[in-house]
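# A structural walkthrough
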Amino acid sequence: MSTFVQTIVDGLGRGSTYALLALGISVIFGVMHLVNFAHAELITVGAYLAYFLSTRDINWWVLAPAIVVSAIVASVATERIAFRWVRGSSPFTMLLTSFALERLSHALWQVFVSPTKKSFAGPAWVFDTFEVGGIRFEWMDVATIAVTALVLALTAFVFRRTLFGIAVRAASEDFDAARLMGARANRVIAGAFAFAGFLAGVAAALILMRSPSAEPALGSDYLIKAVVAAIIGGLGSFTGAVAGGLALGLAEVMLRGYLPEGVWERLTDAFVFALIAALFIVRPQGLFTVRSAERV
Amino acid sequence: MLRVEHLTARYGAVVALRDVSMHVDEGDLVAVVGPNGAGKSTLLNTVAGLLKPVNGKVLLDGTDVTGADPARLVRAGLALVPEHRRIFRDLTVGENLQVAGITASAADRRLRLDAARQRFPILDSRWDTAAGHLSGGEAQQLAIARALMSDPKLVLLDEPTLGLSPVMTDVVFDLLAELHERGRTVLLVEQNAHRALALADRGYVMRPGEIAAEGPGAELAARDDLFATYLGGGVG
């Protein structure tokens, strides 16, 4: 029983970061109809910033917010520098642009920093544990779940209660109609990228506290998981993205925990993707149904 | 207030408007009628900034706003109630109206929301309902209320009675008459040609891509020849 509860908490902890990344992908998909394959590069930006700052002995109380700010700035910059110019183009062109950005990011880190992994110190308490009712939990898992819950509550508030959030939801449904109401396309899209950057930044801070290292292709693994989570939930659905992320994290950790050690354990990802394939046979639209968003 | 000069617009190779000129004076209700495919909606979409013309000018209060972004045009005092309403179905009625007040200050937006609740009791009663659950008539009232949230000088309406029951059509025409009486300038594109022209100060009859006739609304409404040639039947 205790192993099962620990596995659930582990799974929610892992799934939380996927949920935050998938939510960001869904926000951008809503306003641009773009699956942004460069989204997880924001984790890499945060990782290298953390690496450079940590060499100057800056502690994690500063590092974590700095990572979030760097992701916001980088996200808005990608919109301004790359995506704005292809906004009216075909979905294929926008997709290729996001791929190009992802590859360019890898190349730039390799050329100007290093192709090898750069490690730095994480917070001292990350792997500390505590016990409740005979079950041992990691502080980091609890912190990850708590921070994610707070961020999701903030996200719900922003998109339900603020004019910016309502405008983004309106634009996700029918961008031209939102413009006819007076919503400025550039501001709505830049705001959506900033918010997606914020979500990716929080995810990056949580990931880097546990695995404090930077390398050019750091974002790639997370990208695949985040895109899959967003698709499981139904692309464009905010609730679906969160549910998809948590479900993916739980599935991964459960399979890793309960499959026999050795070969089977190494096939965890294959099992996860088989489960996803089975889901799409039953529900091709994902867990949550969304009306197709208009593209700008 | 609105002056359209020699406007030409196309969708790819298809010319939808050819050298169209027209005007709307302050306080007037002007109706544009014509058969399907005449370019009526294209005219409104071009004026509202959704479609860039290949030639010609759109002047709003003397300022050239040709091809301007729709969001800028809203700030300049123009609001479009688009064809098929295009309300935000996943947003509540209240959220639809809030986003439509995006150009106003917070205080003005609150005042306008209160005014909308009073003017449209049916919307007030369904304030927290997703707009996708409204009936056609309710959705049209929401679309019009939404356009009024920016307190526009000029309201463009594209087929506001399309798909509505006769009762709801009456409600919408009463609403248009009320807007007109209150001095709001209105440019109306409408399939119900006779009724629209009868209500209008002035009217334009379009044939594909062009203006075929113009004049006082009541005069155009009485011309059997126009109805027989362009509007599919007699006046009655």
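Residues numbered from 1 in each chain as written. Chains lettered and ligands numbered in written order. Predicted model: local features only at pLDDT ≥ 70, side-chain atom pairs only at ≥ 80, totals over all residues. Heavy atoms only, no water.

Okay, the overall build of chain B next. What chain B contains, in helices and strands, is 10 helices and 10 strands. In terms of C-alpha radius of gyration, chain B reaches 17 Å, essentially the compact-globule figure of 18 Å for 236 residues. C-alpha atoms of chain B, sized along the principal axes, occupy 45 × 40 × 35 Å. Expressed as a percentage of its 236 residues, the buried residues of chain B come to 55%. Put simply, of all contacts in chain B between residues at least 6 apart along the chain, 65% involve residues at least 24 apart. Surface accessibility of chain B: about 9600 Å² in total, with carbon and sulfur atoms responsible for 47%. (Helix = DSSP H or I, 4+ residues; strand = E, 2+ residues; numbered from the N terminus. Rg over C-alpha atoms; globule rule 2.2 N^0.38 Å. Buried < 20%, exposed > 50% of the residue type's maximum accessible area, 1.4 Å probe, protein only. Contact = heavy atoms within 4.5 Å. Areas by Shrake-Rupley, 256 points an atom, 1.4 Å probe, with all protein chains shown as cover.)

Turning next to the confidence of the model for chain B. All names here are of chain B. Averaged over every residue, the pLDDT of chain B is 91; the share at 70 or more is 98%. Ranking the elements of chain B by mean pLDDT puts helix α10 (residues 224-230) last, at 78, and helix α3 (residues 93-100) first, at 96. Note on the complex model: pTM 0.86, ipTM 0.89. (pLDDT = per-residue confidence, 0-100.)

Here we come to helix α1 (residues 40-47) of chain B. Residue and element names in this part refer to chain B. Counting buried positions along α1 gives 8 out of 8 residues, so the element sits mostly inside the fold. Regarding α1, the residues found buried are Lys40, Ser41, Thr42, Leu43, Leu44, Asn45, Thr46 and Val47. Gly49 sits one or two residues past α1 and shows a positive phi near 90°.

This part is about the side chain of Thr78 of chain A. All names here are of chain A. Here Thr78 is to be found in helix α3 (residues 60-81). Polar contacts involving the side chain of Thr78 include one to the main-chain carbonyl oxygen of Ser75, which spans 2.6 Å. When neighbours within four sequence positions are excluded, Thr78 is seen to be in contact with Phe83, Leu101 and Phe193. (Polar contact = N/O pair within 3.5 Å; in protein donor to acceptor, adjacent residues only side chain to side chain.)

A separate point is helix α12 (residues 268-282) of chain A. Residue and element names in this part refer to chain A. Taking 1.5 Å as the rise per residue, α12 with 15 residues should run 21 Å; its terminal C-alpha atoms sit 21 Å apart, in good agreement. Turning to α12, its buried residues are Thr268, Val272 and Ile276. Seen from one end, α12 has its buried residues packed into an arc of 75°, which puts them on one side. (Expected span 1.5 Å × (residues − 1). Arc of directions from axis to C-beta.)

Residue and element names in this part refer to chain B. On the secondary structure map, Glu138 appears in helix α6 (residues 136-148). Separated by 2.8 Å, the side chains of Glu138 and Arg126 make a polar contact. If we skip the residues at most four places from it in the chain, Glu138 touches Ile122, Leu123 and Arg126.

It is worth spelling out the packing of helix α9 (residues 218-233) of chain A against α12 of chain A at this point. Residues and elements named next belong to chain A. The geometry of α9 relative to α12 is characterised by a closest axis approach of 11 Å and an angle of 25° between their N-to-C directions. When the interaxial angle is binned, α9 and α12 end up roughly parallel. Here α9 and α12 pass one another in a crossing that is left-handed. Taking contact as the criterion, the partners of Ile224, Lys225, Val228, Ile231 and Ile232 in α9 are, on α12, Asp269, Phe273, Ile276, Leu279 and Phe280. Across the contact of α9 with α12, the residue classes break down as 8 nonpolar, no polar and 2 charged. (Axes fitted to C-alpha atoms, helices over the stretch in contact; angles between N-to-C directions. Parallel < 35°, antiparallel > 145°, perpendicular 65-115°, else oblique. Left-handed = near helix turned anticlockwise from the far one by under 90°. Nonpolar A, V, L, I, M, F, W, Y, C, P; charged D, E, K, R; others polar.)

The next point concerns the pattern of salt bridges. Evaluated as defined, the whole model comprises 23 salt bridges over all chains. Here Asp124 of chain B ties to Arg117 of chain B by a salt bridge, and the two come within 2.6 Å at their closest N and O atoms. Ionic contacts of the salt-bridge type, sharing partners, join the residues Arg14, Lys225 and Glu252 of chain A into one network. (Salt bridge = Lys/Arg side-chain N within 4 Å of Asp/Glu carboxyl O.)

It is worth spelling out the sheet that holds strand β1 (residues 2-11) of chain B at this point. Residue and element names in this part refer to chain B. The 4 strands are arranged β2-β1-β4-β5 in an open sheet whose pairing can be described as antiparallel. The open sheet has two edge strands with one neighbour each: β2 (14-24) and β5 (63-64). Both β1 and β2 contribute to a ladder of 7 bridges, which runs antiparallel. The residue bridging Arg3 from the neighbouring strand is His23, located in β2. The sheet contacts of α1 involve β1, β2 and β4 (55-60), and relative to β1 the element is tilted by about 115°. (Pairing = 2+ DSSP bridges.)

Moving on, we get to the nonpolar core. Grouped together as the largest cluster of nonpolar side chains are 171 residues, with contacts concentrated most on Val31 of chain A together with Leu2, Leu43, Leu97, Leu154, Leu156 and Leu187 of chain B. With 18 residues, the top contributor of residues to this core is helix α8 (residues 185-210) of chain A. Those residues in contact with Leu43 of chain B, other than ones at most four positions away along the chain, are Val4, Leu7, Leu17, Val20, Met22, Val32 and Met206 of chain B. (Core = buried A, V, L, I, M, F, W, Y, C linked by side-chain atoms within 4.5 Å.)

This part covers the environment of Val30 of chain B. Within the secondary structure, Val30 of chain B is located in strand β3 (residues 29-33). Taking the C-alpha atoms as reference, Val30 of chain B lies 16 Å from Val58 of chain B; in sequence the two are 28 residues apart.

Taken together, the side chains of Leu104, Leu108, Val111 and Phe112 of chain A define a hydrophobic patch exposed on the protein surface, amounting to about 440 Å² of accessible area. Along the chain, the position of Leu108 of chain A falls in helix α4 (residues 91-112). (Patch = residues over 30% accessible without salt bridge, like charges linked within 9 Å, V, L, I, M, F, W, Y side chains within 5 Å.)

Listed per partner, the contact involves 18 residues of chain A and 23 residues of chain B. In total, chain A and chain B occlude about 2100 Å² of area from one another, counting both sides; carbon and sulfur atoms represent 59% of this. Contact with chain B buries area across many residues of chain A, yet Leu163, Leu180 and Met181 of chain A alone supply 35% of it, more than any other trio. For the pair chain A and chain B, the interface holds 3 salt bridges. Between Glu95 of chain B and Arg169 of chain A there is a salt bridge; the shortest N-O distance is 3.0 Å. (Buried area = accessible area lost by both parts, 1.4 Å probe.)

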